[in-house]
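The primary structure of each chain is shown beneath.
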Amino acid sequence: DFCLSRGLGDVYKRQLSGLGSFEEPELLERSLELALTDDIYGSEIWALYGPAMNDPATRELAWTWFTGRYDAIAKKLGEGALADMPYFGSGFCDLEDQAKVEAFFAPKAAEVDGMKRNLSMVLEGIGLCVRARGYVREAALERVKGASE
């Protein structure tokens, strides 16, 4: 069992973030499942999910968890938050995963007001990350080449 201290404000947020930071798959899945219990408010789901999605070591597990529980998460967040759901895919930084996010959300975006725009923003953000990573890689290669000459 997890011991959380909601009354401690920032400490509570750090506890949730810590639970979402496990790299051991079993512990991370257990932590993520907390998001669907009555112990966690809908507004707190990102505090658990965000660290897992932002860590390359756990990103795939987090995405699989999210897509497998999309309906339960959507229900918990409520209709007013549905348009923002594409942001759950914003941690990716490669074209293959960009396509995966688009494929998952495109059919849903046709049915939810505002989701199409947010999906476009998430996909653009992933594309910008891909390009930035390419620029950094090129600059690093140039630097290494210059140092070896």
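Provided above is the structure to which this section pertains.
Quick summary incoming for the structure in this document. Not measured: the values here are computed from a predicted model.

**Description of the overall build of the chain**
Part 1 of the reasoning: Scanning the chain from terminus to terminus reveals seven helices and zero strands.
Part 2 of the reasoning: A principal-axis box enclosing the C-alpha atoms of the chain has dimensions of 60 × 40 × 25 Å.
Part 3 of the reasoning: Of the contacts made within the chain by residues no fewer than 6 positions apart, 65% connect residues no fewer than 24 positions apart.
Part 4 of the reasoning: Within the chain, the 25 negative side-chain charges are centred at a point lying 3 Å from the centre of the 17 positive side-chain charges.

**Some remarks on the pattern of salt bridges**
Part 1 of the reasoning: If you walk through the whole model with that rule in mind, you get three salt bridges.
Part 2 of the reasoning: Residue Glu33 pairs with Arg69 through a salt bridge whose shortest N-O separation is 2.3 Å. On the criterion of sequence distance, the pair formed by Glu33 in helix H2 (residues 25–34) and Arg69 in the loop between helix H4 (59–68) and helix H5 (70–77) is long-range, its members being 36 residues apart.
Part 3 of the reasoning: Lys100 is paired through a salt bridge with Asp97; the nearest N and O atoms lie 2.8 Å apart.

**Section: helix H3 (residues 45–54)**
Part 1 of the reasoning: Every buried residue belonging to H3 is among Ile45, Leu48, Tyr49, Gly50, Ala52 and Met53, and all of these are buried.
Part 2 of the reasoning: Here the buried face of H3 lies against helix H1 (10–19), H2, H4 and H5.

**Points about the packing of aromatic side chains**
Part 1 of the reasoning: Scanning the model with the defined rule gives 16 aromatic pairs in all.
Part 2 of the reasoning: With a centroid separation of 5.6 Å and 35° between ring planes, the pair formed by Trp63 and Phe66 is classed as tilted. Pair noted here: Trp63 and Phe66 are both in helix H4, with a separation of three residues, about one helical turn.
Part 3 of the reasoning: Classification of Trp63 by relative accessible area gives buried; the value is 3%.
Part 4 of the reasoning: On the accessibility criterion, Phe66 (0% relative accessible area) is buried.
Part 5 of the reasoning: The interplanar angle of 90° and the centroid separation of 4.9 Å between the aromatic rings of Phe104 and Phe105 together place this pair among those described as edge-to-face.
Part 6 of the reasoning: On the basis of relative accessibility, which here comes to 18%, the residue Phe104 falls in the buried class.
Part 7 of the reasoning: The aromatic ring of Tyr70 is capped on one face by Lys108, whose charged end is 5.0 Å from the ring centroid.

The rules behind each value
Every residue gets a number counted from 1 within its own chain, in the order that chain's sequence is written. A pLDDT threshold of at least 70 governs which residues receive local features in this predicted model, and a stricter bar of 80 or more applies before side-chain atom pairs are shown or counted, although totals over entire chains, interfaces and linings include all residues. Water and hydrogen atoms were dropped before computing side-chain values, which therefore reflect all heavy atoms in the structure. The helix count covers DSSP runs of H or I at least four residues long, the strand count covers runs of E at least two residues long, and both are numbered beginning at the N terminus. Here, residues are in contact when the closest pair of their heavy atoms is within 4.5 Å. Neither His nor the chain ends is counted toward charge; the positive residues are Lys and Arg and the negative residues Asp and Glu. The location of each charge is read from NZ of Lys, CZ of Arg, CG of Asp or CD of Glu. One side-chain nitrogen of Lys or Arg within 4 Å of one carboxyl oxygen of Asp or Glu is enough to make a salt bridge. Relative accessibility under 20% of the residue-type maximum defines a buried residue, over 50% an exposed one, and the middle range a partly exposed one, all with a 1.4 Å probe and only protein chains included. Each Phe, Tyr or Trp ring (for Trp, its six-membered ring) is paired with any other whose centre lies within 6.5 Å, and the angle between the two planes then decides the class: stacked below 30 degrees, edge-to-face above 60, tilted in between. Whether a charge sits over a ring comes down to the Lys NZ or Arg CZ being within 6 Å of the ring centre and within 35 degrees of the ring normal.

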